[in-house]
Amino acid sequence: MVGHFPEFIDPLALVEKRRQFKGSLPFSKMPHLQDWLLSREGEAKFDLRFEKEGRIAAVTGKVEAELELQCQCCLEGIPWRVSSEVRLGIVRSIDEADLLPADYEPLLLEGDEAIPLADLVQDEIMLAIPPIPQHERCSMLSPEPAEVVPEPKGRKNPFAVLAELKKLNQ
Ligand SMILES: [Zn+2]
């Protein structure tokens with residue numbers, strides 16, 4: 001880990017103090033992200049500024065990581081590079097979030113408790129991961145189209161045959 005940064009942060013207080021944190025956090029601090037990783041080794045780099053942008057308490061900067069996701073088709077690894085520009089507007093309610101300009105993602109603070117800095121970094125990375133990771137050309141996907149079985153001709157629907165038999169017996 002490089003840089004000096006707290007493990008837990010109070011984003012609004014940091015905005016007031018106009019703080020900036022730069023460093024790296026291991027994936028082991030990001031439990032939700034870990035579920036997506038084939039290799040859990042590694043770390044994410046971040047550079048985050050907390051400051052007012054007009055009337056918005058904002059978190060801006062960058063999050064970068066080299067991940068190894070698991071292909072949901074062949075279960076092999078997929079190298080996945082994340083390089084995300086961060087632009088968050090700190091809000092205290094959904095209503096406030098609706099008022100944010102479109103280029104801000106809301107960072108919803110529900111209580112007065114400090115949040116783990118790793119959660120913030122994790123959320124940014126999660127946004128950059130596809131919902132179903134898959135190789136662009138996965139070896140498990142057969143290049144030939146599925147074989148089309150032709151409809152048998154001249155064969156009667158067995159139920160139709162049954163109906164006819166019933167008629168004969170009446
Ligand atoms: Zn694959």
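These numbers were taken from a predicted model, which means no experiment stands behind them.

Basis of the calculations
- Residues numbered from 1 in each chain as written.
- Predicted model: local features only at pLDDT ≥ 70, side-chain atom pairs only at ≥ 80, totals over all residues.
- Heavy atoms only, no water.
- Salt bridge = Lys/Arg side-chain N within 4 Å of Asp/Glu carboxyl O.
- Helix = DSSP H or I, 4+ residues; strand = E, 2+ residues; numbered from the N terminus.
- Buried < 20%, exposed > 50% of the residue type's maximum accessible area, 1.4 Å probe, protein only.
- pLDDT = per-residue confidence, 0-100.
- Donors = N, O, S within 2.8 Å, 3.2 Å for Na, K, Ca; no water.
- Tetrahedral: all angles 85-135°; square planar, octahedral: opposite > 155°, others 65-115°.
- Phe/Tyr/Trp six-rings, centres within 6.5 Å; stacked < 30°, edge-to-face > 60°.
- Lys NZ or Arg CZ within 6 Å of the ring centre and 35° of its normal.
- Pairing = 2+ DSSP bridges.
- Axes fitted to C-alpha atoms, helices over the stretch in contact; angles between N-to-C directions.

### Topic: the pattern of salt bridges
This structure, assessed with the given rule, holds eight salt bridges. Ionic pairing is found between Glu7 and Lys29, a salt bridge with its closest N-O pair at 3.8 Å. Of this pair, Glu7 sits in the segment before strand 1 (8–9) while Lys29 sits in the loop between strand 2 (20–26) and helix 2 (31–34), and the two are 22 residues apart along the sequence. Between Glu51 and Arg49 there is a salt bridge, with the nearest N and O atoms lying 3.9 Å from each other. Assessed through its relative accessible area of 32%, Arg49 is described here as partly exposed. One network of salt bridges, with partners in common, ties together Arg18, Arg49 and Glu51.

### As for the confidence of the model for the chain
Detailed reading of the predicted model is not advised wherever pLDDT is low. Overall, the prediction assigns the chain a mean pLDDT of 88, with 81% of residues at 70 or greater. Across the chain, the secondary-structure element scoring lowest on mean pLDDT is helix 5 (residues 158–169), at 62, and the one scoring highest is strand 3 (residues 43–53), at 98.

### With respect to the coordination of the zinc ion
Every protein donor of the zinc ion is accounted for by Cys71 (SG), Cys74 (SG), His135 (ND1) and Cys138 (SG), and the metal-donor separations fall at 2.1 to 2.4 Å. Considering all four donor atoms around the zinc ion, angles at the metal cover 101 to 130° and the coordination shape is tetrahedral. Counting the intervening residues between successive donors of the zinc ion yields the motif C-x2-C-x60-H-x2-C. One end of the pair, Cys71, is in the loop between strand 4 (56–70) and strand 5 (77–91); the other, Cys138, is in the loop between helix 4 (117–127) and helix 5, and 67 residues separate them in sequence.

### Section: the packing of aromatic side chains
All chains considered together, the criterion is met by two aromatic pairs. Between the aromatic rings of Phe5 and Phe46, the centroid separation amounts to 5.0 Å while the plane-to-plane angle is 80°, which identifies the pairing as edge-to-face. Of this pair, Phe5 sits in the segment before strand 1 while Phe46 is found in strand 3, placing the two residues 41 residues apart along the sequence. Given a relative accessible area of 3%, Phe46 falls into the buried group. With centroids separated by 6.1 Å and ring planes inclined at 70°, the aromatic side chains of Phe21 and Phe50 adopt a geometry described as edge-to-face. Of this pair, Phe21 sits in strand 2 while Phe50 is found in strand 3, placing the two residues 29 residues apart along the sequence. The same class applies to Phe21 as to Phe50, namely buried. Taking the ring centre of Tyr104 as reference, the NZ or CZ of Arg87 above it sits at 5.5 Å.

### Quick look at the sheet that holds strand 3
Here five strands make up an open sheet; going across it, the order is 2-3-4-5-6 and the pairing mixed. Each end of this open sheet is capped by a strand with a single partner; those strands are strand 2 and strand 6 (105–108). Sheet twist, expressed as the mean angle between neighbouring strand axes with direction ignored, is 30°. Here four bridges tie strand 5 to strand 6, and the two strands are oriented parallel to one another.

### Overview of the pairing of strand 3
Across seven bridges, the pairing between strand 2 and strand 3 is antiparallel. Bridged to Ser24 within strand 3 is Lys45. Pairing analysis gives ten bridges linking strand 3 to strand 4, with the strands arranged antiparallel. Within strand 4, the residue paired with Arg49 across the bridge is Thr60. Linking two consecutive strands that pair antiparallel, namely strand 3 and strand 4, is a turn of two residues; a positive phi of about 65° is found at Gly54 within it.

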